[in-house]
Amino acid sequence: MFESLSDRLQGALGGLKGHGKLTDTDIERVAREIRLALLEADVNFKVVKEFVARIKERALGAEVLESLTPAQQVIKIVNQELTTLMGSTANKLAFSSRPPTVVMMVGLQGSGKTTACGKLANFLLGQGKSPLLVAGDVYRPAAVDQLKALGAQLNVPVYDEGTDADPVDIAEHGVARAREDGRDVVIIDTAGRLHIDEPLMEELARIRRNVKPHNILLVVDSMTGQDAVNVAQQFQDKVDLDGIVLTKLDGDARGGAALSVRAVTGRPVKFVSTGEKLDGFEYFHPDRMASRILGMGDMLSLIEKAEQSLDAQQAAELERRLLKSQFTFDDFMDQLQQVRKMGSLQSILSMIPGLPTAKLRNLQVDDKAFDRIQAIIQSMTPEERRHPDIIGGSRRRRIAVGSGSDIQAVNQLLNQFKQMQKMMKQIGSGRMPKNPFQMFGM
Amino acid sequence: MSYNWSEVFVGVSPTAEVEPAAAREEGRKGWFRSLKEGLSRSTKALAQQLSAILVDRIDEDAWERIEEALIGADIGVSSTVAIVEKLEQMADAGEVRGPAELVAALRRVTAELFSTKDTRIDVAHSPAVILMTGVNGTGKTTTIGKIAWHLKNVGKQPLLVAADTFRAAAVEQLVEWGRRVDVDVIHQDRGSDPGAVVFDGLSAAMARGSDVVIIDTAGRLHTQVNLMRELEKMVRVIRKQVTDAPHETLITIDATTGQNGLVQARLFREAVGVTGVVLTKMDGTAKGGIAVAVSHELDLPIKLIGVGEKMTDLQPFDAAGFTELLFSDEILKAS
């Protein structure tokens, strides 16, 4: 629904090729587009004002390089400035030299604190840490239960004292428990609160004084509007934040709040959280967020995700087989499973630059199609998987019945597989296919 | 200004309201006053911004700052432009002279942007079915607890259905509300099919002769196609048992939400035909201006306002009152 800033700028400056320099009028037009785009992205208007002033200054008289259109030139400047504003590099969690490292999560109700606690625990497990969750939200009905359920899912212990104890005590006891049990990171969930709720804010301050967390993270919903600055400022004043966790980034909100919060508190966004599943949590990359606000996709995140999920050894083996053109259904299964480890197809697709998000929303990627394909392959004999050529009419019927699909589906898969083999041969011979996602029928 | 909750619902006899003990305990206030308490914090900042401008004259700079103040309230670019253009026309025509008239005009013009559809909750069916939807963390379950409490107070017998089977402990949260309000809750285990829970809930409601069934659903982002489909399926399940239901499909929108609130409301409306909006968490500093944009651009009535976590913290919506508080008289005083 929101036109991306890149599109807007292309529109405003599209006809400007070969001008040499950006004129005053160009820049005024550009400034207007940037202002509107950032406001629609929910960046606070004061932040927008300062930002646009800076862009104007930089763009004025900037030499338009021959290789870039004026629009691209401006996008480059905007991208650089956005990245600078959000901090130039990814900002990692501070680990204490004397464990346990204590992380305290604070934020408004409904921002996704408890879920973020679970996701952070999962993230730390992946880094070889042994976290302990502490249930310090004793006010919201069932918040303790929610954290316990998350802990059980992750097989991470949860320290709780029910809902009658003092959250400050719970936090202290939780840290003591972690020390006894040799857990090296403590994640304290706190009650969701309004930043103007004095007693509750004071409680947070007391937890901070008594437990001295190494990281206090403010959880912010990426859909937050102009009020994000007030919230961040209040929490900053009361508990002195170390960083920010931006949640629900899998929606289509542009997440301008990230920019506002960073500008107001001077504290970096450390993590972003996406999706319902517990693995949707990663370090924040300012450059990528800049691209998102601009609407330019997020190639880097995709690459990193692929690197994490694809087993290096298996990949090398696959490559060897590819070169020998021996791609079989077994390899295909492996590949499917590897891709699925990266998350839902929808989330992978949303990170590919050049695919407009508006179009993506309408594109319905059916993850179940993968299940059906797997069922068909699993109904083949090992011999058939290695040598699909032997699959004739009666084998097809058997496979169709065995997988609960029909012959057309089996035929379709066999055809797709043949095309894929052809493509793999091309890769093997060094010619890349134009669209690797063709194999999934996209 | 006071209101009677029996007038907030369609299908409740005016004499039905009984003064509940819990209301006295929680110190019930007039809606204007308690809403004002919540809103006054939000309004102060806006008031201060505007006050400086509005003392004497309406110049170019003033217009720009009004624009910014409106944007700052999350009213959104296009509704802001609509408001400012209208005000400029009025100023040009000499209908608005000086700051006092400008504030009044600002309120009037903004209030006129709200949808004129019925803001009451329709429970004149047997059973009446209310489906509560919205993205994660916007206060669906809490709102259901509050509505159930008010329904009980006006003599209705509500039944709650815990169809949020996804979020850890969501069922427990609704059950806890049921206990507080003393209303039955139909639920199954976490992870069970929400459609099945809905079916069970409606069967139970009809067997027990409940008046109003309120269905809690899992928070979902409007971009999650499969989950939106699941919601459509729930509506189909509901219609198998009660053909003209759901009679109300409400979406909760967090007052702190920015422009994404528009997209949320639009996509939920496309999927399940939203009949109204509950604007939640109005007790913070957020101004809830997104309600103006949603109501104006999508022609959806704002039906209720949530101003806190207590049972009593729910108010019927009134456009004139809302804008009066959004642009308060302090605009002129606090210079």
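Residues numbered from 1 in each chain as written. Chains lettered and ligands numbered in written order. Predicted model: local features only at pLDDT ≥ 70, side-chain atom pairs only at ≥ 80, totals over all residues. Heavy atoms only, no water.

Colleague: Give me the overall build of chain A: which residues, what numbers.
Modeller: In terms of helices and strands, chain A carries 20 helices and eight strands. Residues classed as buried in chain A amount to 50% of the 442 residues present. For chain A, the accessible area works out to roughly 19,900 Å², and carbon and sulfur atoms hold 48% of it. (Helix = DSSP H or I, 4+ residues; strand = E, 2+ residues; numbered from the N terminus. Buried < 20%, exposed > 50% of the residue type's maximum accessible area, 1.4 Å probe, protein only. Areas by Shrake-Rupley, 256 points an atom, 1.4 Å probe, with all protein chains shown as cover.)

Colleague: Now, about the overall build of chain B: what can you tell me, with residues and values included?
Modeller: Summing up its helical and strand segments, chain B has 14 helices and ten strands in all. When contacts within chain B are restricted to residue pairs at least 6 apart in sequence, those whose partners lie at least 24 apart make up 77%. Carbon together with sulfur atoms contributes 47% to the accessible area of chain B, which is approximately 12,400 Å² in total. (Contact = heavy atoms within 4.5 Å.)

Colleague: Can you break down the sheet that holds strand 1 (residues 101-107) of chain A residue by residue, with the values?
Modeller: Residue and element names in this part refer to chain A. Read across the sheet, eight strands follow the order 3-2-4-1-5-6-7-8 without closing on themselves; strand pairing throughout is mixed. The strands lining the two open edges of the sheet, one partner per strand, are strand 3 (158-159) and strand 8 (281-283). Sheet analysis places strand 1 next to strand 5 (residues 215-221), joined by five bridges and oriented parallel. By the bridge assignment, M104 is partnered in strand 5 with I216. Docked against the sheet, helix 10 (residues 256-265) engages strand 5, strand 6 (243-247) and strand 7 (269-273), running at close to 170° with respect to strand 6. (Pairing = 2+ DSSP bridges. Axes fitted to C-alpha atoms, helices over the stretch in contact; angles between N-to-C directions.)

Colleague: Any chance you could break down the packing of aromatic side chains for me, citing the residues and the numbers?
Modeller: Counted under the stated rule, the structure contains ten aromatic pairs over all chains. Aromatic pair F271(A) and Y283(A): ring centres 4.9 Å apart, planes at 15°, arrangement stacked. With a gap of twelve residues between them, F271(A) in strand 7 and Y283(A) in strand 8 connect regions that are remote in the sequence. On the accessibility criterion, F271(A) (0% relative accessible area) is buried. With a relative accessible area of 11%, Y283(A) lands in the buried category. Their ring planes at 55° and their centres at 5.4 Å tell us that F317(B) and F322(B) sit as a pair that is tilted. Residue F317(B) shares its accessibility class with F322(B), and that shared class is buried. (Phe/Tyr/Trp six-rings, centres within 6.5 Å; stacked < 30°, edge-to-face > 60°.)

Colleague: Got a sec to walk through the sheet that holds strand 10 (residues 314-316) of chain B? Specific residues and values, please.
Modeller: All names here are of chain B. Spatially, 5-4-6-3-7-8-9-10 is the arrangement adopted by the eight strands of the open sheet, whose pairing is mixed. Since the sheet does not close on itself, it has two edges, and those belong to strand 5 (185-186) and strand 10, each with one partner. In terms of strand pairing, strand 9 (residues 302-306) meets strand 10 through three bridges, oriented antiparallel. Paired with L304 across the bridge in strand 10 is P316. Across the face of the sheet, helix 9 (residues 194-208) comes into contact with strand 3 (128-133), strand 4 (158-163), strand 5 and strand 6 (212-217) while running at roughly 165° to strand 4.

Colleague: Quick one: what's the story with the interface of chain B and chain A, residue by residue and with numbers?
Modeller: If you look at the interface, chain B gives 45 residues, while chain A gives 36 residues. Between the two partners, chain B and chain A, sit zero salt bridges. Taken together, the connections running from chain B to chain A amount to nine residue pairs in polar contact (both at pLDDT 80 or more). At the level of secondary structure, the elements contributing two or more residues to the side of chain B that touches chain A comprise helix 3 (31-54), helix 4 (60-72), helix 8 (170-181), helix 10 (225-241) and helix 11 (260-272) of chain B. Classifying every residue of the side of chain B that touches chain A by side-chain character gives twelve nonpolar, 17 polar and 16 charged. (Salt bridge = Lys/Arg side-chain N within 4 Å of Asp/Glu carboxyl O. Polar contact = N/O pair within 3.5 Å; in protein donor to acceptor, adjacent residues only side chain to side chain. Nonpolar A, V, L, I, M, F, W, Y, C, P; charged D, E, K, R; others polar.)

Colleague: Which residues make up the packing of helix 10 of chain B against helix 11 of chain B, and what values do they have?
Modeller: All names here are of chain B. Contact pair helix 10 / helix 11: the axes reach a minimum separation of 9 Å and the direction vectors enclose 40°. It follows that helix 10 is oblique to helix 11 by the angle criterion. Seen from above, helix 10 lies across helix 11 with right-handed handedness. Where helix 10 abuts helix 11, its residues M228, L231, E232 and V235 lie against L267, F268, A271 and V272. Class assignment of the residues belonging to the contact of helix 10 with helix 11 gives a composition of seven nonpolar, no polar and one charged. (Parallel < 35°, antiparallel > 145°, perpendicular 65-115°, else oblique. Left-handed = near helix turned anticlockwise from the far one by under 90°.)

Colleague: Give a detailed account of the nonpolar core, specifying residues and quantitative values.
Modeller: Membership of the largest hydrophobic core comes to 71 residues, with the highest contact counts inside it found for L87(B), I215(B), L279(B), V294(B) and F322(B). Among the elements that make up this core, the one with the highest residue count is helix 6 (residues 98-113) of chain B (seven residues). When neighbours within four sequence positions are excluded, I215(B) is seen to be in contact with V129(B), I130(B), L131(B), M132(B), I144(B), V161(B), A163(B), V198(B), M234(B) and I238(B). Among the nonpolar cores identified, the runner-up in size contains 65 residues, and V48(A), F51(A), L132(A) and V231(A) belong to it. (Core = buried A, V, L, I, M, F, W, Y, C linked by side-chain atoms within 4.5 Å.)

Colleague: Kindly report on the pairing of strand 5 of chain A, identifying the contributing residues and their values.
Modeller: Residues and elements named next belong to chain A. Summarising burial for strand 5: seven of the seven residues are buried, a large majority. Burial of strand 5 is two-sided: the residues N215, L217, V219 and D221 facing one way and the residues I216, L218 and V220 facing the other way are all buried. Of the pairings in the sheet, the one linking strand 5 to strand 6 comprises five bridges and is parallel in character. Bridge pairing in strand 6 links V219 to V245. In this region the chain leaves strand 5, passes through helix 9 (residues 228-239) and returns to the parallel neighbour strand 6; the handedness of that crossover is right-handed. (Right-handed = clockwise from strand over helix to strand, strands pointing away.)

Colleague: Break down the environment of M90(B) for me, with residues and values.
Modeller: Within the secondary structure, M90(B) sits in helix 5 (residues 77-92). What M90(B) contacts, discounting residues up to four positions off in sequence, is E95(B), V96(B), A105(B), R108(B) and V109(B).

Colleague: Which residues make up the confidence of the model for chain A, and what values go with them?
Modeller: Averaged over every residue, the pLDDT of chain A is 79; the share at 70 or more is 72%. A low-confidence stretch, residues 431-442 of chain A stays under pLDDT 50, and its non-local contacts, those more than four residues away or across chains, total 20 contacts. (pLDDT = per-residue confidence, 0-100.)

Colleague: Run through the confidence of the model for chain B, naming residues and quoting values.
Modeller: All names here are of chain B. Chain-level statistics for chain B give a pLDDT mean of 84 and a share of 82% at 70 or above. In the model of chain B, helix 14 (residues 330-333) stands out as the element of lowest mean pLDDT, 45, in contrast to strand 3, which has the highest, 97. Overall, residues 21-32 carries pLDDT values under 50, and its contacts beyond four positions in sequence, including any with other chains, amount to 24 contacts. Contacts for the low-pLDDT stretch residues 331-335, under 50 throughout, to residues beyond four places or in other chains number twelve contacts. Scoring the predicted complex yields pTM 0.73 and, for the interface, ipTM 0.76.

Colleague: Just give me the short version of the pattern of salt bridges, but keep the residues and values in it.
Modeller: The final tally for this structure, using the stated rule, is 24 salt bridges over all chains. Where K152(B) meets D182(B), a salt bridge forms, and the shortest distance between an N and an O atom there is 3.5 Å. With K152(B) in helix 7 (residues 140-153) and D182(B) in the loop between helix 8 and strand 5, the pair connects residues that are 30 residues apart, well separated along the chain. By relative accessible area, D182(B) is classed as exposed at 57%. The shortest N-O distance in the salt bridge between D254(B) and K281(B) comes to 3.1 Å. Here D254(B) is found in strand 7 (residues 248-254), whereas its partner K281(B) is found in the loop between strand 8 (276-280) and helix 12 (290-298), with 27 residues between them in sequence. Exposure class is identical for D254(B) and K281(B). Each is buried. The network of salt bridges with common partners includes R54(A), R58(A) and E81(A).

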